[in-house]
Amino acid sequence: MTSLPAPRANAYRDTWCGNLRAQDAGVEQRVAGWVHRRRDHGGLIFLDLRDRTGLLQVVIDPQEAGPEIFKAAERLRSEHVISVGGVLELRGGEHVNPNLPTGEVELRTTSLTVLAEADTPPFPVDEETPVGEEIRLRHRAVDIRREGMREALILRSKIVAAMRDHLTSQGFLEVETPTLTRSTPEGARDFLVPSRNQPGSFYALPQSPQLFKQLLMMGGLERYYQVARCFRDEDLRADRQPEFTQLDIEMSFVTEDEVIGEIETLMTKVFEAGGVKVQPAPWPRLDYDESMLKYGNDRPDLRYGLEIRDISEVIAGSEFKVFESVLAGGGVVRAINAGQREFPRKELDGLNELAQRHGGKAVAWAFVQDDGTWRSPIAKFLGEERTTAANAVLEAGPGDLLLFVGDQAKTAAPVLGALRAYLANYFELIPADEHAITWVVDFPMFEYNDDEDRWDALHHPFTAPTGDLDDPGSLRSRAYDLVLDGSEIGGGSIRIHDPAVQSKVLEILGIDAEEAQDRFGFLLEALRYGTPPHGGIAFGIDRVAAICAGKPSIRDVIAFPKTATGGDPLTGAPDAVPPRQLKELGLARPGV
Ligand code: ASP
């Protein structure tokens, strides 16, 4: 429960339900709120009255309140809205409710006004009983009355306030950037808004304020931030939202170290406000390559071990055809030592499916026996010399379960990353209430897209590269991601501030001069009028709030989220629009 400064006394109340304590007893108090629960007891009516600050017990005794108020109280139902006044009294002795912050007192009613009646709510507000998400979203106003949602939204607000307070104190200016704009370069599909004044033309909703914040640096504002809404029309994977909120930041005349230092101070405050204990800064910086090798992805969950090791070298040259052909094709064999575990055969076979879901083929396994040899279908093909050498790399001893994947590194990494996460969950290795934070740095600038036969930017095309521009595959980027508990909560970079480098990067991405001019001409032009070195970062506020609130889904920290299919059960959006509106926008189908 949270407390609030006293309300301004008015026709409804002069104090909050949840703020009243023993020292407030003995005087008249008036409160207003929702009937959370009503109990009738031997001629007395007891109410739990609820407002944002919590619950207060209200007693209606016909002797004190008079018959009319008592009658009105008898008609009260859950979620009726009332204003009630009376003397606050100590409950005393066995009547104290130690589970309630206001449990030492109760209000003895002498006045009661029913402000609104309520139909029976679609689900109980007074319990955290599981209620289907669709129905919760459909009746969000009722859902938000429940303690879990209310506390999550209060926490989110505190987190955002901590961001604003700190950044303002450090001279950052909050600047709003447009929502109706043109395509921005984060690599997702755009949401489009048709223009009525220019039929056939469309605005795009911003995927991020990236280009605008760079323009603000060119404009000399030095330090910018915004709590910015971003829109990305992606196929909705679990726990993504088509619109989400970023803390967007940009700074001028900085290098990576300054941005990282500034952000460590900021996020330490944010985690404090969110009640999350992370290790003291400076936080570790993990190379992208090392992260991919050891954890199988670039957002490693460091709350548990299960590191991946490469054993290609020590098992090469064996009779095991599968691994041999992978190695001959330039692939790798990597493994996880899952420790001393029981793991039924059926589950072991099931791991192949997991591998296939992530683009791989199979997972091989071995149990290390007391004498160090392996109980495994592949042991005899590898031979003892190799299995002993693999034991050494994997630091494996008797009883350990070893799991192997042989594939191209591009595939082996995500398969082992998924396997690592699966094992951590299966063996319950993720400590409750512990958090692990790390930077991931030194990303490749580009990634080759085999399907489309071209280079893609790993971050976005405005990220500054380091290295030889004529060898795109070797370029690294000056990007940094912040990863908490296996989630990328923030990412950013030092930007390109040299127009020639910017043109070259766009060219590598297959964006020719004409297209570059068309899509980003306004930025390229501004770059030419004197651009300071600059860099920044953006944080997913929804994810940060969800982690702080201990909620598995970001939908639980968003007041009005969409479902997994992008719909809004509350308003019914998205929905068809009348033909007249389509016509106005020049979008009507012929004949309509
Ligand atoms: N614009 C980037 C994003 O939205 C963040 C950044 O580079 O600052 O992911």
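Before reading on, note that the structure itself is shown above.
Draft legend 1. Examining the overall build of the protein chain more closely. The helix and strand inventory of the protein chain stands at 18 helices and 24 strands. If you line up the protein chain on its principal axes, its C-alpha atoms span 95 × 70 × 55 Å. A buried classification covers 48% of the 592 residues belonging to the protein chain. Looking at the protein chain alone, contacts between residues at least 24 apart form 67% of all its contacts between residues at least 6 apart. Summed over its atoms, the accessible surface of the protein chain is roughly 28,700 Å², and 49% of this surface lies on carbon and sulfur atoms.

Draft legend 2. Quick look at the sheet that holds strand E1 (residues 28-41). Pairing within the closed barrel is mixed, and its five strands lie in the order E1-E2-E3-E5-E4. Going from strand to strand, the sheet's axes swing by 55 degrees on average, the running direction of each strand aside. Examined bridge by bridge, E1 and strand E2 (residues 44-51) share seven bridges and lie antiparallel to one another. In the sheet register, His41 faces E2, and the bridge partner there is Leu44.

Draft legend 3. Focus on the pattern of salt bridges. Under the defined criterion, the tally for this structure stands at 44 salt bridges. For Asp143, the salt bridge is made with Arg146, and the minimal N-O distance between the two is 3.9 Å. The class of Asp143 is buried, set by a relative accessible area of 0%. The shortest N-O distance in the salt bridge between Glu290 and Lys294 comes to 2.8 Å. In this pair, Glu290 and Lys294 both sit in helix H8 (residues 288-295), four residues apart, roughly one turn of the helix. One continuous salt-bridge network, built from bridges that share partners, spans Arg136, Arg140, Asp143, Arg146 and Asp556.

Draft legend 4. Representation of a nonpolar patch on the surface in the model. Taken together, Leu192, Phe202 and Leu587 make up a surface patch of nonpolar side chains, about 280 Å² in accessible area. Looking at the secondary structure, you find Leu587 in the segment after helix H18 (579-584). The exposure class assigned to Leu587 is partly exposed, which follows from its relative accessible area of 36%.

Draft legend 5. Highlighting helix H7 (residues 256-274). In a regular helix each residue adds 1.5 Å, so 19 residues correspond to 27 Å; H7 covers 26 Å between its end C-alpha atoms and thus fits that length. Taken together, the buried positions of H7 are occupied by Val259, Ile260, Glu262, Ile263, Glu264, Leu266, Met267, Val270, Phe271 and Gly274. One or two residues past the end of H7 sits Gly275, with phi positive at roughly 70 degrees.

Draft legend 6. Inspection of the site of the ligand at higher detail. Neighbouring residues of the ligand: 13 residues in total, closest Glu186, Gln210, Lys213, Gln246 and Arg495. Side-chain polar atom of Arg232 to an oxygen atom of the ligand: 3.0 Å apart, as the coordinates give it. Protein contact buries 88% of the 270 Å² of open area that the ligand shows by itself. Secondary structure elements with two or more residues in the shell around the ligand: helix H6 (210-218), strand E23 (487-494) and strand E24 (534-540). Here the residues of the shell around the ligand are counted per class, giving two nonpolar, seven polar and four charged.

Draft legend 7. Up close: unusual backbone geometry. The omega angle of the peptide bond from Ala281 to Pro282 is 0 degrees, so this bond is cis rather than trans. Secondary-structure assignment places Pro282 in the loop between H7 and strand E11 (285-287). Here Ala573 and Pro574 are connected by a cis peptide whose omega angle stands at -5 degrees. Note on placement: Pro574 falls in the loop between helix H17 (541-549) and H18. Located in the positive-phi region is Glu222, a residue other than glycine, with phi close to 70 degrees. In this fold, Glu222 is placed in the loop between H6 and strand E9 (223-231).

Draft legend 8. Fine view of H17. Of all nine residues making up H17, seven are buried, and the element is well covered by its neighbours. For H17, the complete set of buried residues consists of Ile541, Asp542, Val544, Ala545, Ala546, Ile547 and Cys548. Looking one or two places after H17, you find Gly550, whose phi comes out positive at around 65 degrees.

Draft legend 9. Highlighting the packing of helix H11 (residues 345-357) against helix H14 (residues 409-426). The N-to-C vectors of H11 and H14 enclose an angle of 140 degrees; their axes lie 10 Å apart at closest approach. In this view, H11 runs oblique relative to H14, as classed from their interaxial angle. Seen from above, H11 lies across H14 with right-handed handedness. Facing Glu347, Leu351, Leu354 and Ala355 of H11, the residues of H14 in contact are Val415, Ala418, Leu419, Tyr422 and Tyr426. When the residues that make up the contact of H11 with H14 are grouped by side-chain class, the tally is eight nonpolar, no polar and one charged.

Draft legend 10. Structural view of the sheet that holds strand E12 (residues 308-310). Read across the open sheet, the five strands follow the order E12-E13-E16-E14-E15; overall the sheet is antiparallel. Each edge of the sheet is formed by a strand with only one pairing partner; in this case those strands are E12 and strand E15 (374-375). Note: strand E13 (residues 332-340) against strand E16 (residues 400-407), seven bridges, orientation antiparallel. Bridged to Arg334 within E16 is Val405.

Draft legend 11. Focus on the state of the cysteines. If you walk through the whole model with that rule in mind, you get zero disulfides. Cys230 takes part in no disulfide bond, and the closest cysteine sulfur, belonging to Cys548, lies 19 Å away. Judged by relative accessible area, which is 0%, Cys230 ranks as buried.

Draft legend 12. Local environment of the environment of Glu384. With respect to the element layout, Glu384 can be found in helix H13 (residues 384-394). Overall, Glu384 belongs to the exposed group, its relative accessible area being 53%.

Draft legend 13. A look at the nonpolar core. If you look at the biggest cluster of nonpolar residues, it comprises 60 residues, and the most contacted ones within it are Leu247, Ile249, Ile263, Met267, Phe271, Trp439 and Ile489. When residues of this core are assigned to their parent elements, the largest contribution, seven residues, is made by H7. Once residues within four sequence positions are removed from consideration, Trp439 is found in contact with Ile260, Ile263, Glu264, Trp283, Pro284, Arg285, Leu286, Tyr480, Asp481, Leu482 and Ile537.

Draft legend 14. Focus on the side chain of Asp190. Structurally, Asp190 can be placed in the loop between strand E6 (173-174) and strand E7 (192-194). One buried charge, Asp190, has no salt-bridge partner; the nearest side chain with opposite charge is Arg519, at 7.4 Å. For Asp190, the side chain forms a polar contact with the side chain of Ser183, separated by 2.7 Å. Within the local environment of Asp190, its side chain forms a polar contact with the side chain of Gln207, the two groups lying 2.6 Å apart.

Draft legend 15. Representation of the side chain of Asp481 in the model. Note that Asp481 resides in strand E22 (residues 479-484). Despite its burial, Asp481 pairs with no opposite charge, the nearest such side chain being Arg299 at 8.8 Å. There is a polar contact of 3.0 Å between the side chain of Asp481 and the side chain of His459. Setting aside residues up to four positions removed in sequence, Asp481 forms contacts with Thr438, Trp439, Val440, Phe443, His459, Glu488, Gly490, Gly491 and Gly492.

Rules of the game
Residues numbered from 1 in each chain as written. Predicted model: local features only at pLDDT ≥ 70, side-chain atom pairs only at ≥ 80, totals over all residues. Heavy atoms only, no water. Helix = DSSP H or I, 4+ residues; strand = E, 2+ residues; numbered from the N terminus. Buried < 20%, exposed > 50% of the residue type's maximum accessible area, 1.4 Å probe, protein only. Contact = heavy atoms within 4.5 Å. Areas by Shrake-Rupley, 256 points an atom, 1.4 Å probe, with all protein chains shown as cover. Pairing = 2+ DSSP bridges. Axes fitted to C-alpha atoms, helices over the stretch in contact; angles between N-to-C directions. Salt bridge = Lys/Arg side-chain N within 4 Å of Asp/Glu carboxyl O. Patch = residues over 30% accessible without salt bridge, like charges linked within 9 Å, V, L, I, M, F, W, Y side chains within 5 Å. Expected span 1.5 Å × (residues − 1). Near = heavy atom within 4 Å. Polar contact = N/O pair within 3.5 Å; in protein donor to acceptor, adjacent residues only side chain to side chain. Nonpolar A, V, L, I, M, F, W, Y, C, P; charged D, E, K, R; others polar. Parallel < 35°, antiparallel > 145°, perpendicular 65-115°, else oblique. Left-handed = near helix turned anticlockwise from the far one by under 90°. Disulfide = S-S within 2.5 Å. Core = buried A, V, L, I, M, F, W, Y, C linked by side-chain atoms within 4.5 Å. Lys, Arg positive; Asp, Glu negative; His and termini not counted.

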